[in-house]
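The lines below spell out each chain.
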Amino acid sequence: MEYALFLGCTVPARARNYELSTRRVAEALGIELVDLDGFVCCGFPIKSVHYESFLLTAAKNLILAEEKGLDICALCSACTSMLTEVNKELGENNELREKVLKKLGVKKKFRFKHAIRVKHFARLLYEDVGIDKIKSKLQKDLSPLKIAAHYGCHYLKPSDIYDNFDDPEHPKSLDELIEATGAATVNYENKNLCCGAGTLAFDENIAFSMSGKKLSSIKDTGADAISLICPFCSVMYDNNQPSIESKFNKRYNLPVLYYPQLLGLALGISEKELGFNMNRVKVTSLLEKLKQ
Amino acid sequence: MASILIVDDEKVVCKSCERILKPEGHNVDSALSGEEALDKIEKKKYEVVITDLKMPGIDGMKLLNIVKEKYEKVDVIMITGYASIDTSVEAMKLGAFDYVPKPFTPEELRNVIERALERRRLLEEERDKARRTYVRFEYTMPDNLYYLPEHAWAKLEQDGNVIAGIDDLFQKSVGKIINIKLPDVGDSVEQGKLCSEIEDVSRRIHKLWSPISGEIIEINDKLGSDPSLLNSDPYGQGWIIRVAPSEPEGELKNLIYGEALIKWWLRREIIEKKEDKYLQVSALDPGFKYEIAEQPGGENIKVCFGCGVCTASCPVREIDDTYNPRKIIRMALLGMRDAVLKSAFIWLCSTCYTCTERCPQGVKFTDVINAIKNIAVKEGYIHPALRMQAELLEKEGRLYEIGDFDNKRREKINLPKVHSEKNAISEIFKVSGFKEIMEKEA
């Protein structure tokens, strides 16, 4: 099981705990994540300002992976969505593909969709590794934990690029992955609500209100933590949690774990190797709960 | 109840109108000439002016013109002899609410007043809704029809026949329609003259003037069993008659054509010195929707039927109602190019795709708003935050620079070094033409 690891912009700079835990979990489960030189931004920030630049940027990354004959594994949901979309578009639209290759000055024929796949790490765990194999590798009992799954948006949407993987209105893959660790999941109001990160640069009030709404809903369930799979979402719920608390005069103190951190715990990987010291909202009490 | 001014050079007409309207609780005054009427209007606020068309001195048309120019909100109803029907149609184009042909019954007068007052109430309600921008477009009609303003519409079909029906604001001011008295196939109708009578839930009868002359070749039978179609779909299934027109070329010119109608509405608002609230006609660009449709992702914008699922599902809208996907689509379809491109709200999409997932028509609004933003950028309206991001990407190949310091931190926790990809995206911006756009704007 070999994949080109696509880190994108945010993960290597602001979510090293996500990257670290992903690499360790992948090792433990026999997934080989290959680092390729030459990957750039997925194109997401330029889609809304200049579509053609977005296409070319995403295509550049896809070509690099196709050249090496590797499927892409992305950690950020927005990267996953953008690369999947362009891979599909260029695979299906011959005219556009020719135009893009010409603009990039690429002579060799690349086939995109028909040559490589793009997968989010969580989907890879769910489909390629599978719940049963994950369960067979467990070292530690996480059953004392109650976890709220946050799917975010781009992991499953727009659904027409994801070949019917999971149901965006009633998703279950992340809940099943969490339950595979032995932890319980909670159902909560606003489960499909967006984190609001997409609006953060334009209107902080909107972004914080959206995140605050979900933090409140999750807090009401008595969950020990949120588990999520996108660095943008984590920036909102973890890094910005103190700001949201002061803005709305609330106290959440709700730990935010990347799913690989949670899974890593269950696989017996050390706390240090999972980068818990880099989480903004302290996870000490949660870890204590497991030691009792 | 309303303040009403009756203007007629025949005292007996004034008196009889007073006798009809005073028992309804209205405050009614009379004036025996246009000059006297203007004097009274200057001193007292009237909601409705009912004026005879033919008077010595300032006649009904002149009075209408002056009133509409100076006191836009006053509704003017014309009293006409049958001989002056052509002028009545013209009067409606100039802003008269409706006309009452002589001789009229007390009930006819009462009903037209009721309808005028109901319409005022509807418009006031719209205006008061937090003084929302562009409210009048809630009443915007299809743009390929000919209108007798706020009353009836006519549509020229390919075979030269004309179908006709009632206007949306007319049906709204009448309220629930329970019955319609239809003419027969073979009957002749004349422009501006009675073609049908509509009964509302309070059993009031409202007269419908035909927008076109000719022989009726078909009537909409469905209306007999289901008059509610007039309320639910006035421009579609609620059509009333199909006419073989006798002189379409001349008569259609008497009406106001689709796009021009929007202008007609706007003129009235502009007179009210509310230019800032309503866009100027020159700002309307009917090609805007095609421009969006040509952008990747904008293709489906024209199939939106305005159900509002996008808006109802939007988590940003829930917090800030200046971001309203349905309204943005409506504005785009109407050609409000400048207003959309210059707005701050187009940048507020969180790209959660909920609207896209739920749209029953397959309009991918997340992509539509991106298409709009792409056009805005070409026009020089790039949001500063996105400009900053684009500049970072151009310089570093990624949103966050990863320098030696960061790589050392990565190394400490056994993460591999991240190589700099300077120039990679800058090359892309050059070949795509985006660099040129950014430079032009800087």
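Each chain has its residues counted from 1, running along the sequence as written. The order in which chains are written sets their letters, starting at A; the order in which ligands are written sets their numbers, starting at 1. Reporting in this predicted model follows two pLDDT cut-offs: at least 70 for local features of residues, and 80 or more for side-chain atom pairs to be given and counted; totals over whole chains, interfaces and linings ignore these cut-offs and use all residues. Heavy atoms throughout the structure, all of them, feed into the side-chain values; hydrogens and water do not.

A. Structural detail: the interface of chain A and chain B. We call two residues in contact whenever any of their non-hydrogen atoms come within 4.5 Å of each other. At the interface, 57 residues of chain A touch 51 residues of chain B. Buried area is understood as the total, over both parts, of accessible area removed when two parts are fitted together, assessed with a 1.4 Å probe. Approximately 4,600 Å² of surface area, both sides summed, lies buried where chain A meets chain B, with 64% of it carried by carbon and sulfur atoms. Three residues, Arg16(A), Val49(A) and Phe202(A), lead the burial of chain A against chain B; their summed loss comes to 14% of the area buried on that side. Whenever a carboxyl oxygen of Asp or Glu lies within 4 Å of a side-chain nitrogen of Lys or Arg, that contact is scored as a salt bridge. Remark: the boundary between chain A and chain B carries five salt bridges. Put simply, Glu318(B) and Lys213(A) hold a salt bridge, and the shortest N to O gap is 2.6 Å. We define a polar contact as two N or O atoms separated by no more than 3.5 Å, with the added condition that, inside protein, one atom must be a possible hydrogen donor and the other a possible acceptor, whereas residues neighbouring each other in sequence contribute only through side-chain atom pairs. Our enumeration of links across chain A and chain B arrives at 20 residue pairs in polar contact (both at pLDDT 80 or more). Secondary structure follows DSSP: runs of H or I at least 4 residues long count as helices, runs of E at least 2 residues long count as strands, and numbering of each begins at the N terminus. Within the residue set of the side of chain A that touches chain B, elements represented by two or more residues are helix 1 (10-14), helix 2 (16-28), helix 3 (44-47), helix 4 (51-68), helix 5 (77-92) and helix 10 (204-220) of chain A. No other element matches helix 4 of chain A, which puts six residues into the side of chain A that touches chain B. Counted by class, the side of chain A that touches chain B contains 26 nonpolar, 14 polar and 17 charged residues. Throughout this entry, Asp, Glu, Lys and Arg are counted as charged residues, while Ala, Val, Leu, Ile, Met, Phe, Trp, Tyr, Cys and Pro are counted as nonpolar. The remaining residues, Gly among them, count as polar.

B. The arrangement of the environment of Thr22(A) in detail. All names here are of chain A. Take Thr 22: it is sitting in helix 2. Assessed through its relative accessible area of 1%, Thr 22 is described here as buried. Separated by 241 residues in the primary sequence, Thr 22 and Leu 263 have C-alpha atoms spaced 9.3 Å apart. Other than its neighbours up to four places away in sequence, Thr 22 contacts Leu 33, Leu 75, Phe 121 and Pro 260. Looking at Thr 22, its side chain comes within polar contact range of the main-chain oxygen of Tyr 18, at 2.7 Å. Between buried and exposed lies partly exposed: a residue is buried under 20% and exposed over 50% of the maximum accessible area for its type, with that area taken using a 1.4 Å probe on protein chains only.

C. Structural context of the pairing of strand 3 (residues 71-74) of chain A. All names here are of chain A. Every second residue of strand 3 is oriented toward a common face, with Asp 71 and Cys 73 on one face and Ile 72 and Ala 74 on the other, all of them buried. The pairing criterion is simple: DSSP has to find at least two bridges between the two strands. Where strand 3 meets strand 4 (residues 118-120), three bridges bridge the pair, whose relative direction is parallel. By the bridge assignment for strand 4, Cys 73 is matched with Lys 119.

D. How the structure looks around the sheet that holds strand 11 (residues 194-200) of chain B. Residue and element names in this part refer to chain B. Ordered by their spatial adjacency, three strands build an open sheet running 9-11-12, and the pairing between neighbours is antiparallel. The sheet is open, and its two edges are formed by strand 9 (177-181) and strand 12 (205-209), each paired on a single side. Pairwise comparison of adjacent strand axes, ignoring direction, gives a mean angle of 25 degrees for this sheet. Pairing between strand 11 and strand 12: five bridges, direction antiparallel. Counted as the bridge partner of Glu 197 is Lys 207 from strand 12. All axes are obtained by fitting lines to C-alpha atoms, using only the stretch in contact for helices, and the reported angles, taken between N-to-C directions, cover 0 to 180 degrees.

Taken by themselves, the reported measurements are silent on function.
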